[in-house]
Amino acid sequence: MESSQNLQGSTVEVNFDTLIHAIAFSNHPTSASLLAVGGDSKVIVTELIGSGPTSESTSSLLSLEHFHHGTRVAAIAWSPRTIRASDAVAKIVFATAGGDYKIRIFTSVLDGSNPTVSVLEGHTDNITSLGFDNLDGRWLASTGDDGTVRVWDVDAATQHTCTLLASPGAAVMWHPRDAMRELSEDTAYEFMVAERGGTIKFMEVGRTQPIRSIFTTHSPLLDAHWSAVSPDLIGAVANGQWVTWKRQDSSVAAAIVAVNMESPTCIQWSASLSDRVAIGGLNRWQILCSDGEREPNGSVVVAEGEGHCTAVSWSIAEPTCCVAVGSTLQLVNAEN
């Protein structure tokens, strides 16, 4: 893993010895500095160090441990059960979706010993997205090209529910504000699942019918993301467009913006900056400054680069976005 700096100090490039298919910053305060990188047959757990890639202070990645995976890593999700205390990691828990249609849950203390790995089987085609609930990590949701969304009981290592969708699943994500709520007996675990046909459904554990749906006529929808800073804001990329909704206002898209790249395939709102969004496509990536409601010419490009972008992920602790292009990660300061 080698680092270099370019773009006048605003971006740090980190090179790996594998193509990068999935990346994920931990979205939990107890482990916010951790970044998992998924390659052809392994997962590399790294740590973001430094205070942001600026000309005065440069962030970089410290490799902590490699995990054998045996197949392509299609998606990664961190559990809130990952605990970091002071300068030591007491325990990490993350899940992966493999090219063999299996989900693996890794538990490790990062001491070089073999991790504990639980395998969940049930999907019959590519798994495109998965995520732990943000409250206590008991539930894991997954979706994929088999046209289902599945909820797994992590403690029992069993499938809890399987719901048939109208089209293949593109993304699944739990309510980003759940981590700030207190867990009680009547707590509703809420998540969204985005379908390639253009519908996004909001669901709760234990219910097979959605509690609300929003939609776009643009398809295929390839990715969607729920803003943690503005939890009423949903964004998606579909048929070359950037689509946004105000969840409580209407089921119809609030804005549809043409994206200046070939086939945008991934999107993620910043977890710390309310007006930043990262979008990646087949030939380039961009970080845009927009509130999600402006006209196409109202968005300002904060940073951009060329190459096939396979994934984007934001740090919740710093204004840093990680962009995967080939075998390179780019750590971008989005605050400038």
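Note that the coordinates shown come from a computational prediction; the quantities given were computed from them, not determined experimentally.

## Brief notes about the overall build of the protein
- Within the protein one finds zero helices and 30 strands.
- Counting over 336 residues, the protein shows a buried share of 55%.
- Taking the contacts inside the protein whose residues are at least 6 apart along the sequence as the reference set, 49% of them involve residues at least 24 apart.
- Summed over its atoms, the accessible surface of the protein is roughly 13200 Å², and 46% of this surface lies on carbon and sulfur atoms.

## Comments concerning the sheet that holds strand β6 (residues 60-68)
- Spatially, the four strands line up as an open sheet ordered β3-β4-β5-β6, and their pairing is antiparallel. With one partner strand each, in any of the chains shown, β3 (22-25) and β6 form the two edges of the open sheet. On average, each strand axis in the sheet is tilted by 20° relative to the strand beside it, whichever way the strands run.
- Two strands pair when backbone bridges link them, and strand β5 (residues 42-49) and β6 are joined in this way by eight bridges, in the antiparallel orientation. In the strand pairing of β6, Ile49 is matched with Ser60.

## Some thoughts on the environment of Leu140
- Within the secondary structure, Leu140 is located in strand β13 (residues 139-144).
- The spatial distance from the C-alpha of Leu140 to the C-alpha of Asp153 is 6.7 Å, given a sequence separation of 13 residues.
- Apart from the residues within four sequence positions on either side, Leu140 is in contact with Ala95, Ile103, Ile105, Leu120, Leu130, Gly131, Phe132, Arg150, Val151, Trp152, Val154 and Trp174.

## Considering the pattern of salt bridges
- Summed over all chains, the structure comprises eleven salt bridges.
- The salt bridge partner of Arg284 is Glu304, with a shortest N-O separation of 2.9 Å. Placement of the pair is Arg284 in strand β26 (residues 284-289) and Glu304 in strand β27 (residues 300-306), with a sequence separation of 20 residues.
- Look at Arg284 and you get buried, because its relative accessible area is 16%.
- Taking the relative accessible area as the measure of exposure, Glu304 reaches 36% and is therefore partly exposed.

## Brief notes about the pairing of strand β12 (residues 127-132)
- Among the six residues that make up β12, five are buried, leaving the element largely enclosed by the rest of the structure.
- Bridge count between β12 and β13: five bridges; the pairing is antiparallel. Bridged to Phe132 within β13 is Leu140.
- The loop that links β12 with its antiparallel partner β13 comprises six residues; one of these, Gly137, has a positive phi angle of about 75°.

## A few points about the sheet that holds β26
- If you walk across this open sheet you meet the four strands as β24-β25-β26-β27, and the pairing is antiparallel. Taken across any chain shown, the strands that pair with only one partner, and hence form the sheet edges, are β24 (266-269) and β27. Strand-to-strand twist across the sheet, computed as the mean angle between neighbouring axes with direction ignored, equals 15°.
- Pairing of strand β25 (residues 276-280) with β26, which is carried by five bridges, proceeds in the antiparallel orientation. In the strand pairing of β26, Val277 is matched with Leu288.

## So, the environment of Ala97
- Following the sequence through the fold, Ala97 ends up in strand β9 (residues 88-98).
- You can call Ala97 buried: its relative accessible area is 0%.
- Spatially, the C-alpha atoms of Ala97 and Ser142 are 8.6 Å apart, while their sequence positions differ by 45 residues.
- Ala97 has contacts with His69, Arg72, Val73, Ala74, Ala75, Lys102, Ile127 and Leu130, leaving out every residue within four places of it along the chain.

## A closer look at the packing of aromatic side chains
- Under the criterion given, the structure shown has eight aromatic pairs.
- With a centroid separation of 5.6 Å and an interplanar angle of 55°, the aromatic rings of Trp78 and Phe94 are classed as tilted. Here Phe94 lies in strand β9 and Trp78 lies in strand β7 (residues 73-78), a separation of 16 residues in the sequence. Comparing Trp78 with Phe94, the two get one shared label, buried.
- Summarising the aromatic geometry, the rings of Phe94 and Phe106 are spaced 5.0 Å apart at their centres and angled 10° between planes, so their arrangement reads as stacked. Of the two residues, Phe94 is situated in strand β9 and Phe106 in strand β10 (residues 103-108); the sequence distance between them amounts to twelve residues.
- Residue classification places Phe106 among the buried positions, given a relative accessible area of 2%.
- A network of ring pairs unites the aromatic residues Phe67, Trp78, Phe94 and Phe106 as a single cluster.
- Sitting over the ring of Phe202, Arg247 keeps its end group 4.3 Å from the ring centre.

## Here's the deal with the state of the cysteines
- Here the structure, examined in full by the defined rule, presents zero disulfides.
- Summary of cysteine pairing: Cys309 is not part of a disulfide, and the nearest cysteine sulfur, belonging to Cys266, is at 4.0 Å.

## Looking at the pairing of strand β15 (residues 158-164)
- The pairing of strand β14 (residues 148-153) with β15 spans six bridges and is classified as antiparallel. When the sheet's bridge partners are listed, Asp153 is paired in β15 with Thr158.
- Hairpin connection from β14 to β15: four residues lie between these consecutive antiparallel strands, with Ala157 at a positive phi of about 55°.

About the cut-offs
- Residues numbered from 1 in each chain as written.
- Predicted model: local features only at pLDDT ≥ 70, side-chain atom pairs only at ≥ 80, totals over all residues.
- Heavy atoms only, no water.
- Helix = DSSP H or I, 4+ residues; strand = E, 2+ residues; numbered from the N terminus.
- Buried < 20%, exposed > 50% of the residue type's maximum accessible area, 1.4 Å probe, protein only.
- Contact = heavy atoms within 4.5 Å.
- Areas by Shrake-Rupley, 256 points an atom, 1.4 Å probe, with all protein chains shown as cover.
- Pairing = 2+ DSSP bridges.
- Axes fitted to C-alpha atoms, helices over the stretch in contact; angles between N-to-C directions.
- Salt bridge = Lys/Arg side-chain N within 4 Å of Asp/Glu carboxyl O.
- Phe/Tyr/Trp six-rings, centres within 6.5 Å; stacked < 30°, edge-to-face > 60°.
- Lys NZ or Arg CZ within 6 Å of the ring centre and 35° of its normal.
- Disulfide = S-S within 2.5 Å.

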